Amino acid sequence: MDAIIEKHFNTNEDWEMNLKGLRLKRRDLEKIPEIYKIDCFNISLSIYKNSIEDLIQKHIETITGCLRNSIKGDCDNIDEFINFAYEKLNRKPASIEEITQAKGEIYEINQKRQELSEKYRKVEEKNKLLRNMVG
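So, here is what we can say about the structure in this document. Position numbers for residues start from 1 in each chain and track the written sequence from start to end. Side-chain atom pairs in this predicted model are given and counted only at pLDDT of 80 or more, local residue features only at pLDDT of at least 70, and totals for whole chains, interfaces and linings cover all residues. For side-chain calculations, the full set of non-hydrogen atoms in the structure is used, while hydrogens and water are omitted.

Let us look at the nonpolar core. Generally speaking, soluble globular proteins have nonpolar side chains that are buried together. Ranked by size, the top nonpolar core spans 21 residues in total, and within it Ile5, Trp15, Ile63 and Leu67 carry the most contacts. For helices the rule is a DSSP run of H or I covering at least 4 residues; for strands it is a run of E covering at least 2, with both sets numbered from the N terminus onward. Of all the secondary structure elements, the ones that give two or more residues to this core are α2 (12-31), α3 (46-90) and α4 (96-134). At 9 residues, α3 tops the list of elements feeding residues into this core. Those residues in contact with leucine 67 that lie beyond four places of it in its chain are Trp15, Lys126, Leu129 and Leu130. What is meant by a nonpolar core is a set of buried Ala, Val, Leu, Ile, Met, Phe, Trp, Tyr and Cys residues, joined one to another through side-chain atoms within 4.5 Å. Here the term buried applies to any residue with accessible area under 20% of the maximum for its type, exposed to any over 50%, and partly exposed to those in between, with areas from a 1.4 Å probe on protein chains only. In this analysis, two residues are considered to be in contact whenever any of their non-hydrogen atoms come within 4.5 Å of each other.

In this structure, isoleucine 5 sits in helix α1 (residues 2-8). The exposure class of isoleucine 5 is buried, given its relative accessible area of 3%. Placed 15 residues apart in sequence, isoleucine 5 and lysine 20 show a C-alpha to C-alpha distance of 15 Å. Apart from the residues lying within four places of it in its own chain, the contact partners of isoleucine 5 are Trp15, Thr62, Ile63 and Cys66.

The analysis is restricted to geometry; functional conclusions fall outside its scope.
This is how it looks when you write it as structure tokens:
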């Protein structure tokens, strides 16, 4: 199930919509009576309600776990870039060729920084969603 979630959950709206949908299903489940009466028969639905509640809870835990893993993976990518950029920017060029190379690396770092700043914004949104849904 994790692979399916990782494949199809691309935006924060995907995560939020599915978590809210599961919470709505949980509320709908609570509306179902514990005992259903047909003529003189009483049918207990508590076993079914409990098993469905367990399935919903497992799905919520799986989705939140995948969301945590997604956040961690994105943070690892950002951290990797920061370390790479820090290493490149701390080198002191000694020749004109190295200065030219450093200028190209700075341009490359700046391009990647813009991409990662968007990723960082998304990570913050995912983290906020995770805190709202779990906590």
